[in-house]
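These are the residues of each chain, in order.
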Amino acid sequence: QVQLVESGGGLVQAGGSLRLSCAASGLTFSTYAMGWFRQAPGKEREFVAAITRSGGSTYYANSVKGRFTISRDNAKNTVYLQMNSLKPEDTAVYYCAARFSRYGSTWYTRPTEYEYWGQGTQVTVSS
């Protein structure tokens, strides 16, 4: 079965960096567009970043643009989220998600567009 396993979360001071990883199994990774979402307590899940199945195109939420970078390694079946200049408002559980993509140039930003989800990893940024 399909599994997405996030790792790399933790506690960091404001201004610091973290790198999240999401290892995928049970699917042909190179045919799936990938995304990162986050959910803070009492808030809805929100889009963070997305990448096409080839990695050739990316898209970011305005709140993280210029600070976060999404990338993927199709040989390792892994998608990454490099997070720099972290702020307390970045504190949330971060989830990766996968969606089969027939066309290589497509990324997706809505949670309902994704088929598979990881269990999440906590990121806490202290002020």
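Look up a bit, the structure's there.
Let us look at the structure shown here. Because the structure is predicted, anything quoted here is derived from the model rather than measured. (Residues numbered from 1 in each chain as written. Predicted model: local features only at pLDDT ≥ 70, side-chain atom pairs only at ≥ 80, totals over all residues. Heavy atoms only, no water.)

Turning our attention to the sheet that holds strand 8 (residues 78–83). Through backbone hydrogen bonds, the strands of a sheet pair up, either in parallel or in antiparallel fashion. Strand order across the open sheet formed by four strands is 1-3-8-7, with antiparallel pairing between neighbours. Bordering the open sheet on either side are strand 1 (3–7) and strand 7 (68–73), each of which pairs with just one other strand. Each neighbouring strand pair of the sheet contributes to a mean axis angle of 15 degrees, computed without reference to strand direction. Bridge count for strand 7 against strand 8 is six bridges, and the pairing is antiparallel. When the sheet's bridge partners are listed, F68 is paired in strand 8 with M83. (Pairing = 2+ DSSP bridges. Helix = DSSP H or I, 4+ residues; strand = E, 2+ residues; numbered from the N terminus. Axes fitted to C-alpha atoms, helices over the stretch in contact; angles between N-to-C directions.)

What follows concerns the state of the cysteines. Working definition of a disulfide: a covalent bond connecting the sulfur atoms of two cysteines. Tallying each qualifying case throughout the model produces one disulfide. Here C22 pairs with C96 through a disulfide, and the sulfurs are 1.9 Å apart. Because the torsion about its S-S bond is 45 degrees, the bridge between C22 and C96 counts as right-handed. Here C22, found in strand 3 (residues 18–25), pairs with C96, found in strand 9 (residues 92–100); they are 74 residues apart in sequence, far enough to count as distant. The pair formed by C22 and C96 is uniform in burial state, with each residue classed as buried. (Disulfide = S-S within 2.5 Å. Buried < 20%, exposed > 50% of the residue type's maximum accessible area, 1.4 Å probe, protein only.)

Glancing now at unusual backbone geometry. Glycine aside, a negative phi is what most residues show, and trans is what most peptide bonds show. In this structure, N77 takes a positive phi of about 55 degrees despite not being glycine. Within the secondary structure, N77 is located in the loop between strand 7 and strand 8. Accessibility expressed as a relative area gives 26% for N77, which makes it partly exposed. Despite not being glycine, S85 has its phi angle at roughly 50 degrees, a positive value. Its place among the elements puts S85 in the loop between strand 8 and strand 9. Since its relative accessible area comes to 41%, S85 is described here as partly exposed.

Shape is all these values report; function is a separate question.
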